[in-house]
Structures are given as structure tokens and as C-alpha cells.
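Results of the structural survey
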Amino acid sequence: MHTWPNLLSSSPTGPGHPSHRMPEGPELHLASHFVNEACRELVFGGCVEKSPVSRNPEVPFESSAYHISALARGKELRLTLSPLPGAQPPRGPLALVFRFGMTGSFQLVPSDALPPHAHLRFYTAPPGPRLALCFVDIRRFGHWDLGGKWQPGRGPCVLLEYEQFRENVLRNLADKAFDRPICEALLDQRFFNGIGNYLRAEILYRLRIPPFEKARTVLEALQQRRPSPELTLSQKIRAKLQNPDLLELCHSVPKEVVQLGGKGYGPESTEEDFAAFRAWLRCYGTPGMSSLRDRHGRTIWFQGDPGPLAPKGGKSRKKKSKGAQRGSEDQVENPPSPNKAPSRTRRARRGLPEQTAAQQPEGTSLQRDPEAPCVPEKGKRRRQPATSGRRRPQKIKADTPSSEPEETSVS
């Protein structure tokens, strides 16, 4: 079985572990490599099949013989279906653009062994064993659009369009996005297309930049940065490698992750491949690092002073060493479970109504990704334990990031 495994669930440590990151620029880039390598010699045929539970659009494509290729840009991947000469019915190519959300991935499997949550399937043509290239998405926050156009508003890719990316940031520093802390600006896909939660932590940590320093303060200094004209080309390159600035690290750090890819995204992935990523991490979810939530509910990992724009009243939590505490990230990313509600007997003594199933404390859940639509759970409310027969109004603090329509500004 050929597969580009889902990093959120393929390891025994489970989806909450800090090393199991949501797909960011490097993951989309590696996914495109996987599709191109796995499908290079394959001929697909027939209709494209969508699962009945997916709310994404149908793909009106049919051809007796076509090839599939992929290209990634930032946090998007374009899949192109290209009919071969003589294929029936005659038609032109069709392109789809995918955003992976929290759990998207591609897998190539036997057609009689489709994985769960395979929401879009492309089948190979005979002769030979019938295979299916599947877009697998457990949490169904991923999305595809027909037509092949990149999502409007997204900036140049930090991996593939570095010079355009750098120019786009420095040219737009007057934008109000740069009034925000640098950790929040780094998730703005209009300027940092491909950067996500683990990458921002690693980039800021390497430069010892406080995550809640004002973004414009950090970036304005780069406008004046000019190499000395007296330096030779090799000296300029050496200086850049030895003292990279933040925008250069937005390009080079994702490249490091791509170079780690190896078998971790291919048919023979093992826990050793994920261990390589864990060993690469210097800051994100590692012992000794502190964390705070930004205004979108995302946890930022850092060391030292959080910076002047740190949220008021936000309590910094430090990651304990392995074994000292349950190590999964959702312990840190999510607020503690509500205290146990009064038992049925105690509620009866106080004259309180019994809790229905919808009113039961829910405990922690995985933090929603800003790319995923925030779907409210109808009929469910968090309730605090009653301490007397008199109820006090509860203040509700939103802890979910913006929904998918706003993902171009925060992702």
C-alpha cells in the first residue's frame, strides 16, 4: 500500500501529541511529491467518486484514460486530471485545489480496501490490479474546489516563491495585520502562505523573538537590512546562512521539514520517521518551553519573555519533562476539564434539576484549526458546578479560532 500517512493519527501516541502536526506548507509540499511519484506510471479511468457524506462539490469528470499530477503552493495543493490522446469521451483537463484542514491526506490503496473517510476516489483503469487514489479526511474540515485557481488573497508561497513572498511582506507593513503580535501575523496567509502553528514557534525560537512582540517592530528593521557592497557574493551568502532574518527562516525552516520527509510520507513509514521530526523540534511542545494562547485560541510555544502584547491575564504554562505529566498537547492546548458536577443525590438535596445528557460536562476536546469551519454544537452548553441553589451568570470566553471563510487572514 502506498500512502502519505496522516500525521495526526498514524503514530501510536495519538492525535493529541505535539509531534503530530496539522498539515502546513511542508506537509502539502510532500503530499504533492507523493502523488507525483506514486501516480507517475499509472493510468486512471472512469468517473471520480465522492463519498455521500462529504459536503464538498461533486467532481464532474469522466475519461477512459487520464493521468494525475499535483502541485503544492503554501497550504494548498492542485490536482490535475489530464486525459490521454484518444481517451473517451473527448474532453480537456480538469484541476481541483485542495486545502487539507486538520486531517487531510492522500493514500493509494487497492480498490477493494478503501480506508475509512476516503471522501474522494480516483480509480485506475484496467489492465492490472485496480487501485484508488483517495483523499482521506477523518475530521472532514478539508475542502476541494473545481477550476484549479488558488484561493484568492493568499500570498506567495514561502517555499517556492521566496523573493515574491519577502517583497509582499515588506511592501505591506502598513497593513493593520502587523499591528498584531508577530506570532499572530505569522499565521496570516495573505503574507505567510504555508506557515502554521509549529513552524511559527520554531522560527521565533531560533531568533529569540518574543512571540507577543509587535509584528511591525520586528519586520521594519528588515527594510533597512542591506548587505555591504564591499562583500563578495560568497561572503554575502555565508552571512545570510550564518545570520538569517525572520523572513529567510520562513523559507529555510519549512525546507528543513521537507528534507526530513523521507519514508515518513511514503509507503514504508514507521515510528522512526516521526521520531526524526520530534528530534528536529527545538521549541514546539518540547519540555522546558512555555505556552500561551493567542487571541485566536492557538497555543504558541516559546522560551523566556512572551513580549509586551501578551494577553492580559493569560497564564504561561511550562511543558514538563516526559513522565512528569501526561505528555499530549491537548492537555496544554485545551483548558482543564470542568470540575465534577454535583452527583444526582446531592443535586436532589439542593433542589436542583437533574442534568440531561446534553448538559453533562464534556471534558477537553481537540483545539479547532483556523482553517476548519467552527461548527457550533447545537443544544450543548458548558455548565459550571452549582455551589448553591442560586445560579450566577457565567462569562463565556471564546477559545476557537476564526472560521474557514476568514482563513486567508488567519490560518
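One structure accompanies this document, and this report is about it. Quick caveat, the model's predicted, so the values are computed rather than measured.

Counting secondary structure elements, the protein contains 10 helices and 13 strands. The buried share of the protein, taken over its 411 residues, is 48%. Taking contacts inside the protein between residues at least 6 apart in sequence as the whole, the part at least 24 apart equals 70%. Surface accessibility of the protein: about 21000 Å² in total, with carbon and sulfur atoms responsible for 52%.

It is worth spelling out the packing of aromatic side chains at this point. Aromatic ring pairs: the centre-centre distance and the angle between the two ring planes describe each pair. Under the defined criterion, the tally for this structure stands at 17 aromatic pairs. Measuring from centroid to centroid gives 5.8 Å for Phe-277 and Trp-280, while their planes differ by 25°, and the two rings are stacked. Taken together, the residues span about one helical turn, with Phe-277 and Trp-280 both in helix α8 (residues 271–280) at a distance of three residues. In this pair, the class of Phe-277 matches that of Trp-280, namely buried. The rings of Phe-98, Phe-100, Phe-106, Phe-135 and Trp-144 are connected pair by pair, giving a single aromatic cluster.

Before going further, it helps to examine the pattern of salt bridges. Tallying each qualifying case throughout the model produces 15 salt bridges. Note that Glu-58 and Lys-50 form a salt bridge whose closest N and O atoms lie 4.0 Å from each other. Residue class for Lys-50 comes out buried when judged on its relative accessible area of 15%. One salt bridge in this structure joins Glu-76 and Arg-154, with 3.9 Å as the shortest N-O distance. Of this pair, Glu-76 sits in strand β5 (residues 76–83) while Arg-154 sits in the loop between β10 (143–146) and α2 (162–171), placing them 78 residues apart in sequence.

A few words now on the packing of helix α4 (residues 197–207) against helix α7 (residues 246–260). Helix-helix packing is described using two parameters, namely the angle between the two axes and the distance between the axes. Contact geometry for α4 and α7: axes closest at 10 Å, N-to-C directions at 125°. By the criterion of interaxial angle, the relationship of α4 to α7 is oblique. Helix-helix and strand crossings are classified by hand; for α4 and α7 the assignment is right-handed. Between α4 and α7, the contacting residues are Tyr-198, Leu-199, Glu-202, Ile-203, Leu-204, Arg-206 and Leu-207 on the first element and Leu-246, Leu-249, Cys-250, Val-253, Pro-254, Glu-256 and Val-257 on the second. Classifying every residue of the contact of α4 with α7 by side-chain character gives 11 nonpolar, no polar and three charged.

This next bit is on the sheet that holds strand β2 (residues 44–47). Taking strand neighbours across the sheet as the criterion, the five strands line up as β2-β4-β5-β6-β10 in an open arrangement whose pairing is antiparallel. Lying at the two open borders of the sheet, with one neighbouring strand each, are β2 and β10. Averaged over all pairs of adjacent strands, the angle between strand axes in this sheet comes to 35°, irrespective of strand direction. Pairing geometry for strand β4 (residues 62–73) and β5, over eight bridges, is antiparallel. In the strand pairing of β5, Ser-69 is matched with Thr-80. With respect to the sheet, helix α1 (residues 25–39) is in contact with β2, β4 and β5, its orientation differing from that of β4 by roughly 150°.

Reading the values: the criteria
Residues numbered from 1 in each chain as written. Predicted model: local features only at pLDDT ≥ 70, side-chain atom pairs only at ≥ 80, totals over all residues. Heavy atoms only, no water. Helix = DSSP H or I, 4+ residues; strand = E, 2+ residues; numbered from the N terminus. Buried < 20%, exposed > 50% of the residue type's maximum accessible area, 1.4 Å probe, protein only. Contact = heavy atoms within 4.5 Å. Areas by Shrake-Rupley, 256 points an atom, 1.4 Å probe, with all protein chains shown as cover. Phe/Tyr/Trp six-rings, centres within 6.5 Å; stacked < 30°, edge-to-face > 60°. Salt bridge = Lys/Arg side-chain N within 4 Å of Asp/Glu carboxyl O. Axes fitted to C-alpha atoms, helices over the stretch in contact; angles between N-to-C directions. Parallel < 35°, antiparallel > 145°, perpendicular 65-115°, else oblique. Left-handed = near helix turned anticlockwise from the far one by under 90°. Nonpolar A, V, L, I, M, F, W, Y, C, P; charged D, E, K, R; others polar. Pairing = 2+ DSSP bridges.

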